[in-house]
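# What the coordinates show
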Amino acid sequence: LAKTTQPISMDSYEGQEVNITCSHNNIATNDYITWYQQFPSQGPRFIIQGYKTKVTNEVASLFIPADRKSSTLSLPRVSLSDTAVYYCLGYTDKLIFGTGTRLQVFP
Amino acid sequence: DVKVTQSSRYLVKRTGEKVFLECVQDMDHENMFWYRQDPGLGLRLIYFSYDVKMKEKGDIPEGYSVSREKKERFSLILESASTNQTSMYLCASSPFTRSPELGEQFFGPGTRLTVL
């Protein structure tokens, strides 16, 4: 049974780099891993997607090791507005969201 | 901007009632999804549709059905609501992809359903 696990919560301070890791078993070689951000009273919002090594966009980086049993979302220099819940999404024969990591950024 | 709208933000129903949750997207997306979100469990896929009249079961389809008669509209139906279906329901859409996990899903604001 496919499963995706994340830390329940993380704390950080403004200006720091934050790394959130997701562990996922049974992710196939060519299946993508995606991360979403969710603020209270809103639906999740796409951050980044990739299936191997490293992907970077204007807001985050995604690291996927060769064994693909985990992925790490890296947020450079977080600000207060990055306080949110972050979800990883994997796929085997069905879409599997992680349980979410609540990131709290302090001034 | 892609816009996904859901018919209600809050809904209160009684056990045994038939409940319809409506979702409309305005970007001509082929894929549409229904999830439920519960504390500690994250988002769980109920049903997925990749075209009009086409549907696939997700992780937790029991107690739910769906309807997609038009491309822009995807309805979630609770045939006989039960208290364990009290939850936040999220609809999403995405452009056509060879596999549902590909591409960016655009989510609606959610409907918080309470079944008494």
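A brief structural summary. Quick caveat: nothing in here was measured; it's all calculated off a predicted structure.

Moving on, we get to the packing of aromatic side chains. One pass over the full model with this rule turns up 12 aromatic pairs over all chains. Where Tyr13(A) meets Phe106(A), the ring centres are 6.0 Å apart and the plane angle is 45 degrees; that geometry is what we call tilted. Residue Tyr13(A) is found in strand S2 (residues 9-13), and its partner Phe106(A) is found in strand S11 (residues 101-106); the two are separated by 93 residues along the sequence. An aromatic cluster is built from Tyr36(A), Phe46(A), Tyr87(A), Phe97(A), Phe33(B), Tyr35(B), Phe48(B), Tyr50(B) and Phe107(B), whose rings are joined through pairwise contacts.

This brings us to the pairing of strand S5 (residues 42-51) of chain B. Along any regular strand, the residues point their side chains to alternate faces of the sheet. Residues and elements named next belong to chain B. Taken across its 10 residues, S5 has 7 buried, putting it largely inside the fold. Here strand S4 (residues 31-38) runs beside S5; their pairing, made up of 7 bridges, is antiparallel. When the sheet's bridge partners are listed, methionine 32 is paired in S5 with serine 49. Adjacent in sequence and paired antiparallel, S4 and S5 are bridged by 3 residues, among which glycine 40 carries a positive phi angle near 80 degrees. Of the strand pairs in this sheet, S5 and strand S6 (residues 54-57) are connected by 3 bridges, and their pairing is antiparallel. In the strand pairing of S6, phenylalanine 48 is matched with glutamate 56. Where S5 hands over to S6, the hairpin turn is made up of 2 residues, of which lysine 53 adopts a positive phi near 65 degrees.

Before going further, it helps to examine the interface of chain B and chain A. Often, the extent of an interface is quoted as the loss of accessible area upon association of its parts. Counting residues at the interface gives 23 residues for chain B, matched by 20 residues for chain A. When the two sides are added together, the surface that chain B and chain A hide from each other amounts to roughly 1700 Å², 57% of it contributed by carbon and sulfur. Contact with chain A buries area across many residues of chain B, yet Leu43(B), Glu101(B) and Phe107(B) alone supply 31% of it, more than any other trio. Connecting chain B to chain A are 0 salt bridges. There are 5 residue pairs in polar contact (both at pLDDT 80 or more) connecting chain B and chain A. Counting only elements with at least two residues in the side of chain B that touches chain A, the list comes to S4 and S5 of chain B. Partitioned by chemical class, the residues of the side of chain B that touches chain A number 10 nonpolar, 8 polar and 5 charged.

All names here are of chain B. In this structure the tally under the stated criterion is 7 salt bridges over all chains. One salt bridge connects lysine 18 with glutamate 79, and the closest N-O pair in it is separated by 3.5 Å. Within this pair, whereas lysine 18 is found in the loop between strand S2 (10-13) and strand S3 (19-25), its partner glutamate 79 is found in the loop between strand S8 (73-78) and strand S9 (87-94), the two being separated by 61 residues in sequence. By relative accessible area, lysine 18 is classed as partly exposed at 46%. Given the relative accessible area of 44%, glutamate 79 is considered partly exposed. Each of Asp28, Glu30 and Lys71 takes part in a single network of salt bridges with overlapping partners.

The full count for this structure, using the stated rule, is 2 disulfides over all chains. Across the disulfide, Cys22(A) is cross-linked to Cys88(A) (sulfur-sulfur distance 2.0 Å). Of note, the bridge from Cys22(A) to Cys88(A) carries an S-S torsion of about 55 degrees and is right-handed in sense. Note that Cys22(A) is positioned in strand S3 (residues 18-24) and Cys88(A) in strand S9 (residues 84-91), a separation of 66 residues in sequence. Its relative accessible area of 0% is what places Cys22(A) among the buried residues. Across the disulfide from Cys23(B) sits Cys91(B); the S-S distance is 1.8 Å. What sets the handedness of the Cys23(B) and Cys91(B) disulfide is the S-S torsion sign, and at about -80 degrees it is left-handed. One end of the pair, Cys23(B), is in strand S3; the other, Cys91(B), is in strand S9, and 68 residues separate them in sequence. The exposure classification of Cys23(B) matches that of Cys91(B), with both residues buried.

Rules used in this analysis
Residues numbered from 1 in each chain as written. Chains lettered and ligands numbered in written order. Predicted model: local features only at pLDDT ≥ 70, side-chain atom pairs only at ≥ 80, totals over all residues. Heavy atoms only, no water. Phe/Tyr/Trp six-rings, centres within 6.5 Å; stacked < 30°, edge-to-face > 60°. Helix = DSSP H or I, 4+ residues; strand = E, 2+ residues; numbered from the N terminus. Buried < 20%, exposed > 50% of the residue type's maximum accessible area, 1.4 Å probe, protein only. Pairing = 2+ DSSP bridges. Contact = heavy atoms within 4.5 Å. Buried area = accessible area lost by both parts, 1.4 Å probe. Salt bridge = Lys/Arg side-chain N within 4 Å of Asp/Glu carboxyl O. Polar contact = N/O pair within 3.5 Å; in protein donor to acceptor, adjacent residues only side chain to side chain. Nonpolar A, V, L, I, M, F, W, Y, C, P; charged D, E, K, R; others polar. Disulfide = S-S within 2.5 Å.

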